[in-house]
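Summary of the model geometry
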Amino acid sequence: MDAKTTAPDVLSEERARVLLMSLRQNSGNATLLSPEKPKPATPKAGPGSCPCCGFQLGTGMMRPLLPVGHRDFGKLMRCPVCNGGDGSYSRWLREHSGLVGEMAGYHLTAWIADAEREPARQAARAFLANPTGWLTIWSPFGHGKTFLLAAICNELVAHQIHAYYQTVPALLNSLRATFERDGGSRFDFRFEELCQVRVLALDELDKARLTDWARETLFELLDRRYRQASSHGTVIAMNGSPRQLNDDWGYLVSRITDHRFRSVELGGIDVRQIDR
């Protein structure tokens, strides 16, 4: 006789909401497991998939990490990001974009038009039409690189694509703090998130202080992004031409100047001096 297949026990929407609230209060953030994964699910950032659970949008199921004996141990719940309704997916994308304060309101419609700035705007538009590969924007400070990166992220989020912005110095500091505080497992999970996010916008690349650890970490991240360029997008901003980077950055110059990608100088004047 064939063994009977038992349907998984799925938490009710109300019970799942209460459980999530309890987990977040106790741990700062709920740790969830995909039913198919023996460890925190690696986010799958491919088109049409949820960056949180890895399933097709609207179908995700996850398993809360609970101690044996808990009344809900072993039960499944609908993914609170893509399967939660009430705009939860759009809200999650905004909250996990890395954009804070006024940056959340940067859009290309507010771009200061100028003939020397037009190539960068066109490059951003082209990237938005197909957010894969690498786009590098460079110029002296004050020309609007941060605005452009934030505007790209905002546009992608508005179209339900996960995009994450961060300066490279802040990103490396955060990763180092995570490693020192929580050890390798939490660092590995966060690092994998950065590798897999659909579009990663890295600002102030050439301001990073390259210790041996930072150099190795940044190389691995960018190398992973480079190998996934056909399905993932990476936007980089720096203050000087990529070809002016020193030998420490040789591996990056080779990737930025790959014939498949665009590297654009953002010309014009210091827009911080313009009264808008």
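Refer to the structure presented above.
What this report covers is the structure whose coordinates are included nearby.

Conventions adopted
Residues numbered from 1 in each chain as written. Predicted model: local features only at pLDDT ≥ 70, side-chain atom pairs only at ≥ 80, totals over all residues. Heavy atoms only, no water. Buried < 20%, exposed > 50% of the residue type's maximum accessible area, 1.4 Å probe, protein only. Helix = DSSP H or I, 4+ residues; strand = E, 2+ residues; numbered from the N terminus. Arc of directions from axis to C-beta. Phe/Tyr/Trp six-rings, centres within 6.5 Å; stacked < 30°, edge-to-face > 60°. Contact = heavy atoms within 4.5 Å. Polar contact = N/O pair within 3.5 Å; in protein donor to acceptor, adjacent residues only side chain to side chain. Salt bridge = Lys/Arg side-chain N within 4 Å of Asp/Glu carboxyl O.

With that settled, the discussion passes to helix α2 (residues 88-95). Looking at α2, one finds that the buried residues are Ser 88, Tyr 89, Trp 92 and Leu 93. The buried residues of α2 occupy one face: seen down the axis, they fall within an arc of 135 degrees. In α2, the exposed positions that point more than 90 degrees away from the buried face belong to Arg 94 and Glu 95.

The next subject is the packing of aromatic side chains. Summed over the entire model, instances satisfying the criterion amount to eight aromatic pairs. For the ring pair Phe 179 and Phe 187, a centre distance of 5.5 Å and an interplane angle of 85 degrees mean the geometry is edge-to-face. Owing to a relative accessible area of 38%, Phe 179 belongs among the partly exposed residues under this scheme. Relative to Phe 191, the ring of Phe 187 lies with its centre 5.9 Å away and its plane at 20 degrees, an arrangement referred to as stacked. Residue Phe 187 and its partner Phe 191 are both found in helix α6 (residues 184-196); the two are separated by four residues, about one turn of the helix. As far as burial versus exposure is concerned, Phe 187 and Phe 191 are alike and both buried. Through successive ring pairs, a cluster of aromatic residues spans Phe 179, Phe 187, Phe 191 and Trp 213.

Take Asp 206: it is sitting in the loop between β6 (199-203) and α7 (212-227). When sequence neighbours within four positions are dropped, the list of residues in contact with Asp 206 reads Met 238, Asn 239, Gly 240, Leu 245 and Trp 249. A distance of 3.4 Å separates a polar atom in the side chain of Asp 206 from the backbone nitrogen of Gly 240.

The subject of this paragraph is the pattern of salt bridges. On inspection of all chains with the given rule, the structure shows nine salt bridges. Across the salt bridge formed by Arg 260 and Asp 258, the nearest N and O atoms sit 3.0 Å from each other. Here Asp 258 falls in the buried class, since its relative accessible area comes to 10%. Put simply, Asp 223, Arg 227 and Arg 255 are held in one network by salt bridges that share partners.

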